[in-house]
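Descriptive analysis of the structure
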Amino acid sequence: MTKLNSKIPAGDLETKWTKYKSSVPLVNPANKRSIEIIVVGSGLAGASAASSLAELGYQVKCFCFQDSPRRAHSIAAQGGINAAKNYQNDGDSVYRLFYDTVKGGDYRAREGNVYRLAEVSANIIDQCVAQGVPFAREYGGYLSNRSFGGTQVQRTFYAAGQTGQQLLLGAYSALERQVGLGTVKMYSRHEMLDIVMIDGKARGIIARDLISGKLERHFGHAVLLCTGGYGNVFFLSTNAMGSNVTAAWKAHKQGAFFGNPCYTQIHPTCIPVSGDHQSKLTLMSESLRNDGRIWVPKAKNDARKANEIPEEERDYYLERRYPAFGNLVPRDVASRAAKERCDEGCGVGTSKMAVYLDFAAAIERYGKIQVNKMNLHNVSKERILELGKEAVKEKYGNLFDMYAKITGENPYETPMRIYPAVHYTMGGLWVDYDLMTSVPGLYALGEANFSDHGANRLGASALMQGLADGYFVIPYTIGTYLSQDIRTKAIPTDHEAFVEAEKKVQEQLDTLMNIKGTKSVDHFHKKLGKIMWDKCGMARNEKGLTEAISAIRALREEFWKGVRIPGTQNEMNLELEKAGRVADFIELGELMCKDALNRKESCGGHFREESATEDGEAKRDDDNFSYVAAWEFKGVGESELHKEELKFDVVHPSQRSYK
Amino acid sequence: MNLTLKIWRQKNAKDKGGFALYTIDGISEDMSFLEMIDVLNERLIGKNAEPVAFDHDCREGICGMCSMFINGRAHGPWAGTTTCQLHMRAFKDGDTITIEPWRAAGFPVVKDLVVDRSAFDRIIASGGFVSVNTGNAKDANNITIPKPDADESFAAAACIGCGACVASCKNSSAMLFVSAKVSQLALLPQGQVERKQRVQSMVAQMDAEGFGNCTNTGSCEAECPKEISLTHIARMNREYMMANIME
Ligand SMILES: Cc1cc2nc3c(=O)[nH]c(=O)nc-3n(C[C@H](O)[C@H](O)[C@H](O)COP(=O)(O)OP(=O)(O)OC[C@H]3O[C@@H](n4cnc5c(N)ncnc54)[C@H](O)[C@@H]3O)c2cc1C
Ligand code: SF4
Ligand code: FES
């Protein structure tokens, strides 16, 4: 069994990173110019890494499958980004952010990594502001903050409901600046389809030009995968349509271990499925839970409209079950509670798979505040509600509009219907402290790695992690590897390893095109999604997971016999692109179920029905499962488990309670 | 509902292209416009025909990838809405819907409804940034910005780079897009140092890409899904004039 070395520097938690930075080997400027780095992905992690490395003097090639790097899925993040600035003077600190993140992750992340993340968080805000990112501000001209689930301080920076967009456009502008300077070469509409390995090291990639369909070989002294998460294995998720696991999965097949694949975040507030045609699910930002109250009818199968149900016949189940945190419990807890009510038959809407998110009380409360502010007297109830609606509109207007466009209902008048949806994947490629995978020279950044969020991610922490990895971690840690590699000359791409790798990719494309089956790619993707959602979703058990594994194996066979891809491969062919991605999702799905089966405890987003307290709460098992599960690929459908023990020197794992 | 779809089909950049007619039934008004096209594509695949190629990714109005010209309007009939946010409630049974790609010299067609908008990236690369290397920044609250300026800068920065402004302009002008970026940075203290050079380089690149002149018809603002205001064009014109006077 391979020994997993996380390479966490020795010494006190508070000084590890500082010491590391001052002792990391350096690459001199002249040598940097002859070192080439491949960055796959242009989201927050990829764009920030590519621009920062180019600024240092490396030659960078950056790839994305969209038509422009600005469209990476990070663009869709809504709520905000955390940073331990303590601008609100409310007691925040690097330690507190570290602590909240480790606890929020249900004690399944590494202390050393998370502390570093909290340490660099403040620099991220400085960097983004310097780039011209227009964060929300107070009247005095200073930056504004809001609070987010799972924390008691205000440390979230935001730009209306478009924080991801503004941060990505900042990183994109830094990237385009380097493109203009000639230090980054950008390859849009290109998809990486394999890693090229030479003497046990990652030395390049095979990519497909998505317009001409031609395969290309690219050399790099090191390869960085910043390719995002794999939530779309469920078919329906809040991720963009193109988000996929292919890059990470191909790396896995070349020897990179996959960490904690079963850790999936199901977000409690999304617009419910409206029918079979549904292609994706839309998130309603977590910030809505600050003011909205969540409820269902007390009676089962209640067919009345929301406003026909009197107050005493409503069940505000989060407030009932978790009086201390109420509607602001962490995401995993809120999602499971919604499922529990719907499974009991108390769900609402035509599908009965939804709960209400109600702003009536907030509208009235804000209305009264307005009345006081404006010093009005003898105000009618109508007027109060009108003022309240205006106040709610100012705070959440764009979200309410989005809801109205999608559902055709007016959320100011009737409560929103929401239901949990797949949102984020904490699992990903296993990496050490340097962000290097178990393949030398191959790194993983952002959502693509497994690192900092343990078994559950807190809101506004993914943007922080992606930018930390790209702006402030990789520029240092990559030196450890590259300083040993300065004598390596660029390897010509007619090297046999490149030829072989391209041939292998070509064969897979040929095989896919030649199946000439009868069913579309989406047909298989939807089937996979249903298996995953039913058996490896919000609640998991041994029987279901075992069934899922055989069902997925059968689906894999069906896929390779039955998929139909019209057109040819030497042109833009969107079905062919999807087919390759779904083929990888099917293999990943099986591994997720295996990992979920192996982890007999409940922790964070992973809920095993066999491991629950008497009142139905998740029960962790630190004696047996305080480890990172890192899976090694041993052939399709075969994998070997390696365990990285988690040691807690500073925080003391306890059972999370939000009661 | 039952619909007739008149869709532009073009095999590749060199192909001449032309409209194809499809009839489709069983469309529910809860579907998004793109889900309606998904249904069409599923049926085309069922018949072993090539599905319609179109760009899309986030499907929630923020990535700027979707780009359809629907019944003569960029992103279709709803104001302040991208194609992916448009829902079939906007149409009625029996309608004929015409769907075309963006048409502009700066945006050559790649396939069917997919166009090449890389010109926008090159315009940003020519100057749409603040030259600050990672690690150079001082504490964020050392820069104070009056809230109205921050808000207006944000309103400009909300541009999603979709290109609807170009597609709906009779001159194929990219002024709204370019001015949104110039304006965002001109309003902020961080953007001052490179203010003059930025507007000059970006305008020069815009011209080099083959986008037309602005004659103030205002159709860009009317069709922009993010409702980016024409005042940004006015601000950019001022910036450009000032930069040239200072020569
Ligand atoms: C709706 C929504 C809202 C969110 N809101 C928040 C929030 O408020 N706060 C927060 O902290 N987090 C939020 N998140 C999570 C956060 O947005 C993501 O985790 C994060 O942006 C991921 O960034 P990334 O750089 O790792 O990957 P991505 O932004 O997903 O980028 C992936 C990149 O890789 C490229 N790529 C992938 N595969 C290939 C391939 N094979 N070849 C070439 N290129 C490839 C893509 O083109 C893309 O450029 C939200 C997520 C969603 C879905
Ligand atoms: S200005 Fe409006 S129409 Fe033009 S690219 Fe930006 S968002 Fe699209
Ligand atoms: S698909 Fe992203 S804006 Fe329409």
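Overview of the structure. Starting afresh in each chain, residues are numbered from 1 along the sequence in its written order. Chains carry letters from A onward and ligands carry numbers from 1 onward, assigned in written order. Side-chain atom pairs in this predicted model are given and counted only at pLDDT of 80 or more, local residue features only at pLDDT of at least 70, and totals for whole chains, interfaces and linings cover all residues. Hydrogen atoms and water are omitted, and side-chain values are computed over all heavy atoms in the structure.

Focus: a nonpolar patch on the surface
- A contiguous nonpolar surface patch, about 460 Å² in accessible area, is contributed by M241, M242, I245 and M246 of chain B.
- We count a stretch as a helix when DSSP gives it H or I for four or more residues in a row; a strand needs E for two or more, and each element gets its number in order from the N terminus. Looking at the element boundaries, I245 of chain B is found in helix α8 (residues 231-245). Nonpolar side chains (Val, Leu, Ile, Met, Phe, Trp, Tyr) within 5 Å and like charges within 9 Å form the patches, drawn only from residues with over 30% relative accessible area and no salt bridge. All accessibility values rest on the Shrake-Rupley procedure with a 1.4 Å probe; residue burial counts only the protein chains present in the view. By definition, a salt bridge exists where a carboxyl oxygen of Asp or Glu is found within 4 Å of a side-chain nitrogen of Lys or Arg.

Side note on helix α5 (residues 111-131) of chain A
Residues and elements named next belong to chain A.
- Look at α5: 31 Å from first C-alpha to last across 21 residues, which is about the 30 Å you get at 1.5 Å a residue.
- What is called the bend at a residue is the angle between a pair of axes, fitted to the seven residues leading up to and ending at it and to the seven starting from it. Of all the bends in α5, the greatest, near 35°, is centred on V120.
- Counting buried positions over the 21 residues of α5 gives 19, a clear majority of the element.
- Downstream of α5 by one or two residues, G132 has phi in the positive range, about 100°. Working rule for helices: expected span equals 1.5 Å times residues minus one. Per-residue accessibility, obtained with a 1.4 Å probe over protein chains only, is compared with the maximum for each type, and a residue is labelled buried under 20%, exposed over 50%, and partly exposed between these values.

Details of the packing of helix α13 (residues 496-515) of chain A against helix α16 (residues 574-598) of chain A
Residue and element names in this part refer to chain A.
- Here the axes come from fitting lines to C-alpha atoms, over the contacting stretch only for helices, and the angles between their N-to-C directions go from 0 to 180 degrees. Across the interface, α13 lies against α16 with an axial gap of 11 Å and an inter-helix angle of 105°. Overall, the two elements α13 and α16 adopt an arrangement that is roughly perpendicular. Along the contact surface, α13 presents Q508, L509, L512 and M513, while α16 presents L576, A579, G580 and A583.
- Across the contact of α13 with α16, the residue classes tally to six nonpolar, two polar and no charged. Angles are sorted into four bins: roughly parallel if under 35 degrees, roughly antiparallel if over 145, roughly perpendicular if 65 to 115, and oblique for all others. The contact criterion used throughout is that any non-hydrogen atoms of two residues lie within 4.5 Å. When residues are grouped by polarity, Ala, Val, Leu, Ile, Met, Phe, Trp, Tyr, Cys and Pro land in nonpolar, Asp, Glu, Lys and Arg in charged, and all others, Gly among them, in polar.

Quick notes on the side chain of R564 of chain A
- Here R564 of chain A is to be found in the loop between α15 (542-562) and α16.
- Residues counted as positive are Lys and Arg, residues counted as negative are Asp and Glu, and His and the chain ends are not counted. E42 of chain B provides the closest opposite charge to the buried, unpaired R564 of chain A, separated from it by 9.5 Å.
- The definition of a polar contact used here is a pair of N or O atoms within 3.5 Å, where within protein one atom must be able to donate a hydrogen and the other to accept one, and adjacent residues in sequence count solely through side-chain atom pairs. At a separation of 3.0 Å, a polar atom in the side chain of R564 of chain A contacts the main-chain carbonyl oxygen of G517 of chain A.
- The residues touching R564 of chain A, leaving out its near neighbours within four places in the chain, are G517, T518, K519 and S520 of chain A together with I45, G46, K47 and N48 of chain B.

Some thoughts on the site of ligand 1
- The nearness test applies per residue and asks whether one of its heavy atoms lies within 4 Å of the molecule or strand. Ligand 1 sits among 39 residues. The nearest are Q66, S74, G79, M192 and E447 of chain A.
- Ligand 1 sits at the junction of chains A and B, each of which supplies nearby residues.
- Within the backbone of F65 of chain A, a nitrogen or oxygen atom sits 3.1 Å from an oxygen atom of ligand 1.
- Within the contact set of ligand 1, an oxygen atom lies 2.6 Å away from a side-chain nitrogen or oxygen of E447 of chain A.
- Burial of ligand 1 by the protein amounts to 98% of the accessible area it has alone, namely 1000 Å².
- Those elements that provide at least two residues to the shell around ligand 1 are α3 (44-56), β6 (190-198), β15 (416-425) and α12 (462-482) of chain A.
- The dominant element in the shell around ligand 1, judged by the number of residues it contributes, is β6 of chain A, at three residues.
- For the shell around ligand 1, the residue count by class is 17 nonpolar, 18 polar and four charged.

Remember, this is a structural readout, not a statement about activity or role.
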